[in-house]
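Overview (structure and organization)
The primary structure of each chain is shown beneath.
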Amino acid sequence: MRRPLRPLARILEARAKGENPDTIERENLRARHEAERDRLRAQAEGRLLVLAVFFLCGFALIGLRMGHLAGSEAEEPRAATTTAKILAARADIVDRKGRILATNFTTHSLYAQPPQMIDKERAARELARIFPDLDADELHADFTGKRKFLWIKRRISPEQQQAVHDIGDPGLRFGPREMRLYPNGKLAAHVLGGARFGREGVRSAEVVGQAGVEKQFDTELRDPARAREPLRLSLDLTVQAAVERVLAGGMRLMNAKAASAILMDVETGEVVSLVSLPDFDPNERPTGGPKDDRSPLFNHAVQGVYELGSTFKIFTAAQALEEELVTPSTIMDTEGPMTWGRFRIRDFRDYGDEMSVEDVIVKSSNIGTARMALMIGGERQQAFFKRLGLFETTALEMPEAGTARPLLPPRWSEIVTMTASYGHGISASPMHLAAAYATVVNGGRKVEPTLLVRHTSAPGERVISEQTSLALRQMMRQVVVRGTASFGEVPGYAVGGKTGTADKPDPQGGYHDDKVIATFASIFPAHDPKYVLVVTLDEPEETSGEEPRRTAGWTAVPVGAEIIRRAAPLLGLPPEIEDGATVGVTLASN
Amino acid sequence: MRALFYITSLVAVLGLAIWAYQENYRTQASLREVERLSAEIADLRETLSVLNAEWAYLNRPERLTELVDMNFDRLGLLPLRPDHFGRIDQVSFPAPEYLPVTRAWDVAGAGAGEEGQ
């Protein structure tokens, strides 16, 4: 209800009194303005209040959110989740048929945080009871000392974990651990090598390869992208087990100090079995340097370089045949002893004044071989050995193979040419020998040894001709049929080979009379070689006779034959009726 | 007209907000489900690797050799030898199958038939 500015009653009254009626109007106008002002102020105050409430809420919200963000764990906003977590940090190693050689196993490590421990004495006592190798007093001293953190055990079994858990001390804690497990124990220990923990944290520890393929392929095995994809070796688990068993038995029977065996595919160079004895358990890899050849860590097949003796005669014969200096039936002068300066070259026995080249190999005549080497000459001999890979380290995928550099004489004089032709004065590892034998018997193409399955076998560089290779195979067969390796006969497998007995060098200079390295390098079946087997025995002694026999024919050959007898059926080779002997003679003459 | 426009936009905004809210929560739920499943896969993988390791451990050649030795009386297993290979022509033909004799008196002589009854 609006009040009029000039109410008639008051105007008339004022006029009657002679007052100015305009004052009334001004008075009323003022009152109206005041009322209006009060209303507007109230309205503005209300709006301010609402605004203040809004701002308060806004600030409170922001403040709360900030507080929440500051107080909570940082987390990235995400629109997608990660795919399957990587569990097995290190890839498995399997044999050629996919059987596990090395895998991972989750165990726990045990550590202590002494500040959080309640009853330190009891914990120490109980731990010593669970782990007999721990000492209660030492543990107690550790717990009560200044340390805030200490490892107690790197790996514990689930039973031990439960027992420790039952102690119930909050200061004893477990961390998960990926452990490398070699389920087959000692099998292929030298090939696999072993692994240890690298950098260690509470939550996890890295597993680092220590030797063998574990070290060689460490980066590949640890690559998370390839964790699901096992490393496939060329080894065959069953064959490896059989070879190991036979070789261990042979080593014991022959009273040898050490032994090694290499079984290799002649076409691809895949190593199907590689054994070095004595061996070790890679699950509990012993400490110590593998450089010492008495240590079980020493790989005699790959790391050890030896004078491999008469097995080298095959290479001399190969070169002489290849360069058409001789044929298998060429008659060589073998009248002994052969003298060169102050050196005398003798044969193990006097084989008469002349023999055919084939008989030189079959009977293993040093003199005959030395004469062939003289026909070839030192320079060409070196070039040939180089092409066979006998001057360089092998390409085998093991860190140990890179250290086994053949020992060569500093100067290749004429006497070196002669001795090297029958494997003296030059040292190589059995792996070198196996690869070189595979090369000369597979038709003459260079073979690089490998521990991985080769899907394709690209033929290597040609070293000798197909014909020479055939002639050599027949000679090697004759060595077994009527020569030094007569114990190597395995019915149905037409074994061919060459023996080698080399005196061991004495560290004081010269050679031992009664310590030898006996080697048998064999191929089977000789008419169509599939595999090369090199067996080496260190200081063997066969004591069934009146005096100890040390030659390879009595020691390494029977062991090699037994390995072939056991391994060949496992490799899927059925025995065959031999027809090579008659066919061979006609083909060999060139 | 303008009021109608305002109301429609408001309803649209509300509807979209509700939809976005629901989608957000469904996404979160799916993510949690995926996480749970991948944890389960990881668990199963671990179990699998443990079982594989155990299989390899139980089938290690050393143990198998021992078992073969222990059970030689019953199984008579020997290492594979060259003479264990056979050729297909060494396998004899199976004996011819005769019709089964179900009723003895059909085939037997008269005396046997009486006996059978």
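Residues numbered from 1 in each chain as written. Chains lettered and ligands numbered in written order. Predicted model: local features only at pLDDT ≥ 70, side-chain atom pairs only at ≥ 80, totals over all residues.

1. Re the overall build of chain A
We count it as follows: Each helix is a run of H or I in the DSSP string that is no shorter than four residues. Each strand is a run of E no shorter than two, and both are numbered from the N terminus. Only C-alpha atoms enter the radius of gyration, while the globule expectation follows 2.2 Å times N to the 0.38, with N the number of residues. Each residue is classed by its C-beta neighbour count within 10 Å, where at least 20 other C-beta atoms makes it buried, 12 or fewer makes it exposed, and intermediate counts make it partly exposed; the C-beta atoms are placed from backbone geometry. The contact rule is simple: place each C-beta atom from the backbone, and if two of them lie within 7 Å, those residues are in contact.
The helix and strand tally for chain A stands at 18 helices and 18 strands. In terms of overall dimensions, chain A is more spread out than a globule: its C-alpha atoms have a radius of gyration of 44 Å, far above the 25 Å expected for 590 residues. Along the first, second and third principal axes, the C-alpha atoms of chain A reach 180 × 60 × 50 Å. Out of the 590 residues belonging to chain A, those deemed buried represent 45%. When contacts within chain A are restricted to residue pairs at least 6 apart in sequence, long-range pairs at least 24 apart make up 69% of them.

2. Some points on helix α9 (residues 237–253) of chain A
Where we set the bar: By this rule, a helix spans an expected 1.5 Å times one less than how many residues it contains.
Look at α9 of chain A: 24 Å from first C-alpha to last across 17 residues, which is about the 24 Å you get at 1.5 Å a residue. Buried residues of α9 of chain A: Leu237, Val239, Gln240, Ala241, Ala242, Val243, Glu244, Val246, Leu247, Gly250 and Met251 of chain A, and no others. Contacts from the buried residues of α9 of chain A go to β8 (258–265), β9 (271–277), β18 (531–538) and α17 (556–570) of chain A together with α2 (61–70) of chain B. Two residues or fewer past α9 of chain A, Asn255 of chain A is found with a positive phi of approximately 55°.

3. Describing the sheet that holds strand β17 (residues 511–524) of chain A
Residues and elements named next belong to chain A. Cut-off, in case you're wondering: In short, DSSP must find at least two bridges between two strands for them to pair. Whenever a helix is involved, its axis is fitted only over the stretch in contact; in every case the axis is a line through C-alpha atoms, and angles between N-to-C directions fall within 0 to 180 degrees.
Taken together, five strands build an open sheet; the order of strands is β9-β8-β18-β17-β16 and the sheet is antiparallel. The strands lining the two open edges of the sheet, one partner per strand, are β9 and β16 (496–505). The sheet shows a mean angle of 10° between the axes of neighbouring strands, direction not considered. Pairing analysis gives six bridges linking β8 to β9, with the strands arranged antiparallel. Each residue of the ladder has a partner; that of Ala259, found in β9, is Leu277. Packed onto the sheet, helix α16 (residues 466–482) meets β16 and β17 and runs at close to 70° relative to β16. The strands touched by α17 within the sheet are β8, β16, β17 and β18, with β18 carrying the most contacts at an inclination of about 140°.

4. Thoughts on the domain arrangement of chain A
Residue and element names in this part refer to chain A. Defined as follows: Where each domain starts and ends comes from a domain assignment, either automatic or drawn from a database.
Along its sequence, chain A is carved into domain 1 (93–116 + 149–232) and domain 2 (239–588). Taken over C-alpha atoms, the centre of domain 1 sits 40 Å from the centre of domain 2. At the interface, 20 residues of domain 1 touch 20 residues of domain 2. Looking at the side of domain 1 that touches domain 2, the elements with two or more residues in it are α6 (189–192), β6 (205–211) and α7 (212–216).

5. A few points about the interface of chain B and chain A
Each partner contributes residues to the interface: chain B has 23 residues there, and chain A has 30 residues. Those elements that provide at least two residues to the side of chain B that touches chain A are α1 (2–58) and α2 of chain B.

6. Regarding helix α10 (residues 313–322) of chain A
All names here are of chain A. Taking burial as the measure, the 10 residues of α10 include 10 buried ones, the bulk of the element. Listing the buried residues of α10 in full gives Lys313, Ile314, Phe315, Thr316, Ala317, Ala318, Gln319, Ala320, Leu321 and Glu322. Remark: Glu324 follows α10 within two positions and exhibits a positive phi of approximately 55°.

7. Comments concerning the packing of helix α12 (residues 366–376) of chain A against helix α14 (residues 414–421) of chain A
Residue and element names in this part refer to chain A. Cut-off, in case you're wondering: Each angle receives one of four descriptions, namely roughly parallel if under 35 degrees, roughly antiparallel if over 145, roughly perpendicular if within 65 to 115, and oblique otherwise. What makes a crossing left-handed is the near helix being turned counterclockwise from the far one by less than a right angle; a clockwise turn instead makes it right-handed. Gly is put with the polar residues, along with every residue not named as nonpolar or charged; the nonpolar set is Ala, Val, Leu, Ile, Met, Phe, Trp, Tyr, Cys and Pro, and the charged set is Asp, Glu, Lys and Arg.
At a minimum axis separation of 8 Å, α12 and α14 run at an interaxial angle of 130°. In terms of orientation, α12 lies oblique with respect to α14. Viewed along their axes, α12 and α14 form a crossing whose handedness is right-handed. Residues Thr369, Ala370, Met372, Ala373 and Leu374 of α12 form the contact with α14, whose own contacting residues are Thr417, Met418 and Ser421. Of the residues contributing to the contact of α12 with α14, the split by class is five nonpolar, three polar and no charged.

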